[in-house]
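An overview of the molecular structure
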Amino acid sequence: MGDSDTVELWSPVFLTEEATDSSTCSLDKGAWTGLMNRTAHEGCKRLFAKVEYEEKTLYIALGSYTDCSGTESEYTRILLPQWALDVLSATGMGDLGVVTWLTEEAFPPATRIVLRPHDSAFYHSDAKEELEVALTRIGVLQKGQTILVNIQCLGDYPISFDVVDLEPANIVLADGEEVVMEFEAALDQPPDEPPRPDTPIPESGFASMIADPVPFVGPATGRRLGGVNRVTADGRPWNPYRDA
């Protein structure tokens, strides 16, 4: 692994069949089979493309093969989802780029991921498992990039997420044993709305990395059994041990 090849970058809109995975890149069957044969002896579970176009770089997982044949070309065609083309500022119409194939061992497992959704609708949906699956499918996250996730429980509504911060490196494998997931306020969230609390550290495993949001309960007031609120004369919450 680590060999670099010049490739043509294409958009899925030029596929003869509809693309079903917006998280990975695709090759035609011949190129995909050849790559699998080249790497079979290494026993790697997944392959990732390091795609370089002009001065930008993107890391993306390899999916299954598809029919992206067309006019004859001396270069291999690689199909990238639209969000990936946007990251590279590529047209998706045969731009020449350079791809280097890497295994998952090239990336450190994530221990902390900070995301900022573009749409607060994410907070009003039961999309935790969907996001977890999407991050695992995307595989590699890069600080500063924007990823797109279709939320099925919102009618397959696409929501973009900015990758605000990562640990322990700026490029990580989103498959750590224990991952702390945090969210910043959505881009469309009103400025007077309180920020969303950080998600607590999960007990174990990537599957439990996103905990239920902590509700904002406002300032505390002294509450006695029976539901009666009590405050002192100067407005402080009643403390039965100090103010009794």
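For the structure itself, look to the data block above.
Fair warning: this is a prediction, and the values are worked out from it, not measured in the lab. (Residues numbered from 1 in each chain as written. Predicted model: local features only at pLDDT ≥ 70, side-chain atom pairs only at ≥ 80, totals over all residues. Heavy atoms only, no water.)

Looking now at unusual backbone geometry. For the peptide bond that leads from Glu-167 to Pro-168, omega is 15°, which places it in the cis range. Checked against the element boundaries, Pro-168 lands in the loop between β10 (157-167) and β11 (171-173). Of note, Glu-54 is a non-glycine position whose phi angle comes to about 55°, a positive value. Counting through the fold element by element, Glu-54 comes out in the loop between β3 (47-53) and β4 (56-61). One non-glycine residue, Ser-89, adopts positive backbone phi at about 55°. Here Ser-89 lies in the loop between α2 (82-88) and β6 (93-103). (Helix = DSSP H or I, 4+ residues; strand = E, 2+ residues; numbered from the N terminus.)

Further remarks concern the sheet that holds β10. Sheet architecture is open: four strands sit in the order β9-β10-β7-β12, paired in mixed fashion. Either end of the sheet is taken by a strand with one partner, and the two such strands are β9 (146-151) and β12 (180-183). Here the average twist between neighbouring strands, direction ignored, is 35°. Pairing geometry for strand β7 (residues 112-117) and β12, over four bridges, is parallel. By the bridge assignment, Ile-113 is partnered in β12 with Met-181. Strands β7, β9, β10 and β12 of the sheet are contacted by helix α3 (residues 128-138), whose axis makes an angle of about 135° with β9. (Pairing = 2+ DSSP bridges. Axes fitted to C-alpha atoms, helices over the stretch in contact; angles between N-to-C directions. Contact = heavy atoms within 4.5 Å.)

Attention now moves to the pattern of salt bridges. All chains considered together, the criterion is met by seven salt bridges. Here Arg-77 makes a salt bridge to Glu-8, at a shortest N to O gap of 3.7 Å. With a gap of 69 residues between them, Arg-77 in strand β5 (residues 76-79) and Glu-8 in strand β1 (residues 4-10) connect regions that are remote in the sequence. The two residues Arg-77 and Glu-8 agree in class, both being buried. (Salt bridge = Lys/Arg side-chain N within 4 Å of Asp/Glu carboxyl O. Buried < 20%, exposed > 50% of the residue type's maximum accessible area, 1.4 Å probe, protein only.)

A few words on α3. The periodicity of an α-helix, 3.6 residues per turn, causes residues three or four positions apart to be oriented the same way. Taken together, the buried positions of α3 are Leu-131, Glu-132, Ala-134, Leu-135 and Ile-138. Seen end-on, α3 carries its buried residues on one side only, within an arc spanning 165°. Downstream of α3 by a residue or two, Gly-139 has a phi angle that is positive, lying close to 85°. (Arc of directions from axis to C-beta.)

It is worth spelling out the sheet that holds β3 at this point. Taking strand neighbours across the sheet as the criterion, the six strands line up as β2-β5-β1-β6-β3-β4 in an open arrangement whose pairing is mixed. Of all strands in the sheet, those with a lone pairing partner are β2 (26-27) and β4, marking the two edges. In the sheet, β1 pairs with β6 via seven bridges, with the strands oriented antiparallel. Counted as the bridge partner of Trp-10 is Met-93 from β6.

Formed by 22 residues in total, the largest nonpolar core has its most connected members in Ile-113, Leu-115, Leu-131, Leu-135, Leu-141 and Phe-161. Where this core is concerned, the elements lending two or more residues are β7, α3, β9, β10 and β12. Formed by 21 residues, the second largest nonpolar core is a distinct cluster that contains Leu-9, Leu-27, Ile-60 and Leu-62. (Core = buried A, V, L, I, M, F, W, Y, C linked by side-chain atoms within 4.5 Å.)

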